[in-house]
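These are the residues of each chain, in order.
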Amino acid sequence: MAYTFADLFEHSVDAMPDRLALIVSGEEVTYRELDERANRLAHHLYGAGYGPGSHIGIHMHNAIETMVAIIAAFKLRAVPLTVNYRYTCDELQYLYDNADLEALVFHRGYADRIAEVLPATPRIRHLISVPDELATGEEAPLHGEVPYEDVLAGGNPERGFGERSPDDHYIFYTGGTTGRPKGVVWRHEDIWRVLAGGLDFYTGEPVCDEYQQSRTGAQGEPMRWVMLPPLIHTSAFMPTFNAFFSGNTVVMVPKFDAAHVWDVVARYRPQVMVITGDAMGRPLIEAYRERDRDASSLVVVASGAALFSGAVKDAFFEALPDLMISDSVGSSETGFGGIGFATKGAEQRGGPKVGANRYSVVVDDDNRILPPGSGGEGWLAKLGNVPVGYHNDPVRTAEIFREVDGGRAVVTGDRARIEDDGSITLLGRGNMVVNTGGEKVFAEEVEAVVKAHPDIYDAIVIGVPDERWGSRVATVLCLRGGVDPDFESVEKHTRSHLAGYKIPRSFWIVDEVIRTPSGKPDYGWAKNHAATHGPDHRID
């Protein structure tokens, strides 16, 4: 069985060669065209000395060329690593080095920053420069770079690659919410099983035929998925390949702009929109309200990787009443952990709820599974297909990847509660808990309530030092345009939904709440802002 991303993609190419695969910035490519371009690049990389196990950096934003580079690396049994293009030079140097990058395919717009990093990363010996619609045109050329157009013009469009193995590795670099980026190492088969269609969605049973997705796709009409998160994150990368393996059409934008997204929706009429929680959901619904938009094609808005608060979901329901909204639970370490479907007006506490399934469990500090009905709180754990570990980090690997119930499992940093029916309620990140006077407060629970206030556009909840309680709950807020702060109203609103010890007692007002490229709150930034600025309001 060829359970690799290259083979599964090629099955779709063979079954549906003339079907539209990808649309970006008005350019459209079929499955055959995407395959041929990837073959050309793969042959070039092979000729440059790269093959099984080679680490190829993909320093690019969402584009057709980005997918060509990723697929080309998979075809060679190499390991493509999508690089966070928003990183500083220090962060890039760490990532390039820690990931053992040997070659780099990059958009021209990032050339100046890459030039600063390359002298400290001598392992990278081959550079391919890709034209970039976001570039200024003033970026300096890099020594030894090869133009992408020349690579494709001189490459062989046929396949001709050797057999691949489901044991081939793929690595996601994830920064999470704190700390240095970590490379999560997956076998192809394992990550396909949990994130790209290798488990039957309805039964949870493994798909036992490598042609099932492409065969089913060829027999039906394709759907269009507009993919908004960057390919540097699993929330876009895996749904994109899931769509490809099933013969669907993916629509992307190089840079997220809420108003432009609705123009894209009106033009290409996708049925599915993939977003990253409030970070994309809130500006999208605000832009939709500004003027009439044709979003009649949309059936599903699917969110993952970050909090999608009840208030924003309700705003979508109000504007698009026939919409279905899904909220997925998962991470780079766990893959797909479960999915919930939103109901208009339902109160949301903490993260989404995971339906009962045999792969997601809650464990205590001794790795014992908490049974339904116990009402116990512990750590979310994932059984079944899990990663190999962290790249170049055996200590952290031993901490996270453990034995649970006689099998290998990944125990996350997410606090969770097992419910009577076997479902799981996500409470929040364990490292984002505020301990105030001995009480534990989960940041995400408070954030969901604070952001439901009509005057607040976005918020991050943190803990700050307090002489009496050890820590106090605090929030960094961005208000809606033209609104003056009304702290008394915010306090009244939060008290009506939360226990007294959970309400924010220190407030900072900012022009913009900073988030990571994947849409997660940047808690480090928020804590630094609070430490270097006096609060705008305080409740004693």
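Refer to the structure printed above.
Draft legend 1. Layout of the sheet that holds strand S9 (residues 182-187). What the three strands build is an open sheet, ordered S8-S9-S19; its pairing is antiparallel. A single partner strand is all that each edge strand has here, and the edge strands are strand S8 (169-174) and strand S19 (389-390). Pairing of S8 with S9 involves six bridges; the strand directions are antiparallel. Of the residues in S9, the one forming a bridge with Thr174 is Lys182.

Draft legend 2. Structural context of the packing of aromatic side chains. By the definition in use, this model includes 21 aromatic pairs. Geometrically, the ring pair formed by Phe5 and Phe241 is edge-to-face, given 5.3 Å between the ring centres and 65 degrees between the ring planes. Of this pair, Phe5 sits in helix H1 (residues 5-15) while Phe241 sits in helix H9 (residues 234-245), and the two are 236 residues apart along the sequence. With relative accessibility at 1%, the residue Phe241 sits in the buried group.

Draft legend 3. Molecular detail of the pattern of salt bridges. Taken as a whole and judged by the stated rule, the model has 36 salt bridges. When the shortest N-O distance is used, the salt bridge between Arg164 and Glu10 registers 3.1 Å. With Arg164 in the loop between helix H6 (148-154) and S8 and Glu10 in helix H1, this pair connects stretches of sequence that are 154 residues apart. Summarising the burial analysis for this pair, Arg164 and Glu10 share the class buried.

Draft legend 4. Spotlight on the sheet that holds strand S27 (residues 506-509). One open sheet holds the four strands; their spatial order is S25-S26-S27-S28, and the pairing between them is mixed. Edge positions in the open sheet fall to strand S25 (456-466) and strand S28 (537-538), since each of these has one partner strand only. Where strand S26 (residues 470-479) lies against S27, four bridges are found, and the strand directions are parallel. What sits directly across from Leu477, in S27, is Ile509. Across the sheet, helix H14 (residues 443-450) is in contact with S25 and S26; its angle to S25 comes to roughly 140 degrees.

Criteria and thresholds
- Residues numbered from 1 in each chain as written.
- Predicted model: local features only at pLDDT ≥ 70, side-chain atom pairs only at ≥ 80, totals over all residues.
- Heavy atoms only, no water.
- Pairing = 2+ DSSP bridges.
- Helix = DSSP H or I, 4+ residues; strand = E, 2+ residues; numbered from the N terminus.
- Phe/Tyr/Trp six-rings, centres within 6.5 Å; stacked < 30°, edge-to-face > 60°.
- Buried < 20%, exposed > 50% of the residue type's maximum accessible area, 1.4 Å probe, protein only.
- Salt bridge = Lys/Arg side-chain N within 4 Å of Asp/Glu carboxyl O.
- Contact = heavy atoms within 4.5 Å.
- Axes fitted to C-alpha atoms, helices over the stretch in contact; angles between N-to-C directions.

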